[in-house]
Amino acid sequence: MTAHAEDRVPGAACASCGVSRRTFLSAATLAAVAAVLDGCSQLTGPSGFGAGGGTITVKLSSYPVLANVGGVARVDGGNGSPTALVRTSSSTFTALSMICTHQGFTIDIAGSGFICPNHGAQYSKTGAWIGGQPASQLQGFAATYDATAGTVVIARPS
Ligand code: FES
């Protein structure tokens, strides 16, 4: 094993690699900070605040709860960003991102709308924030109902 100069003289450069203790510690600190930040980014849910995944076509017969006005279902099927569809009348629907606008966690469907399991933000079925951790409105997407086909096409960004 090679002896390094800084093991014997504080602040001196390593004889074999030329890296000073200060340079080494600075690089190590930056690497540690980067690792922590990377870990935090994984806490923001599968797609952070984004709502990608592209257009999806929802076959209503696959979601019996959507047969009733006021019914709500998660309809992304694991494809792209979590997305909910709400039946607002016999012929209209609202599509919403299920990404919390506070810190980007995936929200859950609750009786009166949605709730974030992370800090408790609550949203109505329109996507409006209604309580808990303050947050802004959920992102909405155009939802086009085709009564003949029994489908709703949701226009999410790619
Ligand atoms: S991430 Fe949803 S309330 Fe904080």
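Residues numbered from 1 in each chain as written. Predicted model: local features only at pLDDT ≥ 70, side-chain atom pairs only at ≥ 80, totals over all residues.

(A) Examining the environment of Ile99 more closely. Mapped onto the elements, Ile99 comes out in the loop between strand E4 (93–97) and strand E5 (108–110). Considering only alpha carbons, one finds Ile99 and Ser81, 18 residues apart in sequence, at a separation of 7.7 Å. (Helix = DSSP H or I, 4+ residues; strand = E, 2+ residues; numbered from the N terminus.)

(B) Spotlight on the nonpolar core. Counting 27 residues, the largest nonpolar core has Leu85 and Ile154 as its most contacted members. When residues of this core are traced back to their parent elements, those giving at least two are strand E1 (56–59), strand E3 (83–87), E4, strand E9 (140–146) and strand E10 (151–155). When neighbours within four sequence positions are excluded, Leu85 is seen to be in contact with Val58, Leu66, Ala73, Val75, Phe93, Ala95, Ala143, Val152 and Ile154. (Core = buried A, V, L, I, M, F, W, Y, C linked by C-beta atoms within 7 Å. Buried ≥ 20, exposed ≤ 12 C-beta atoms within 10 Å, placed from the backbone. Contact = placed C-beta atoms within 7 Å.)

(C) Spotlight on the environment of Asp76. You can see Asp76 is positioned in the loop between strand E2 (72–74) and E3. Given 18 C-beta atoms within 10 Å, Asp76 falls into the partly exposed group. Along the primary structure Asp76 and Val58 are separated by 18 residues, whereas in three dimensions their C-alpha atoms are 8.4 Å apart. Once residues within four sequence positions are removed from consideration, Asp76 is found in contact with Gly53, Ile56, Ser81, Pro82 and Thr83.

(D) Summary view of the confidence of the model for the protein chain. Chain-level statistics for the protein chain give a pLDDT mean of 79 and a share of 68% at 70 or above. Between residues 21–47, whose pLDDT stays under 50, and residues either more than four places distant or in other chains, the model counts 16 contacts. (pLDDT = per-residue confidence, 0-100.)

(E) Structural detail: the sheet that holds strand E8 (residues 129–131). Taken in spatial order, the four strands line up as E5-E6-E7-E8 in an open sheet, and their pairing is antiparallel. Each edge of the open sheet is held by one strand with a lone partner, namely E5 and E8. Averaged over all adjacent pairs, the angle separating strand axes in this sheet is 40°, with direction ignored. Bridge count between E5 and strand E6 (residues 113–115): three bridges; the pairing is antiparallel. Its bridge partner being in E6, Ala110 is matched across the sheet by Gly113. (Pairing = 2+ DSSP bridges. Axes fitted to C-alpha atoms, helices over the stretch in contact; angles between N-to-C directions.)

(F) Quick peek at the pairing of E10. A one-sided burial pattern is seen for E10, the buried positions being Val152 and Ile154 and the unburied ones Thr151, Val153 and Ala155. Strand direction decides the pairing type here: E9 and E10, joined by five bridges, are antiparallel. Bridging across to E10, Ala142 finds its partner in Ala155. Between the end of E9 and the start of E10, which pair antiparallel, lie four residues, with Gly150 showing a positive phi angle near 70°.

(G) Quick look at the sheet that holds E9. Reading across from one edge, E1-E10-E9-E4-E3-E2 is the order of the six strands in this open sheet, with antiparallel pairing throughout. The outermost strands of the open sheet, each flanked by one partner alone, are E1 and E2. Going from strand to strand, the sheet's axes swing by 25° on average, the running direction of each strand aside.

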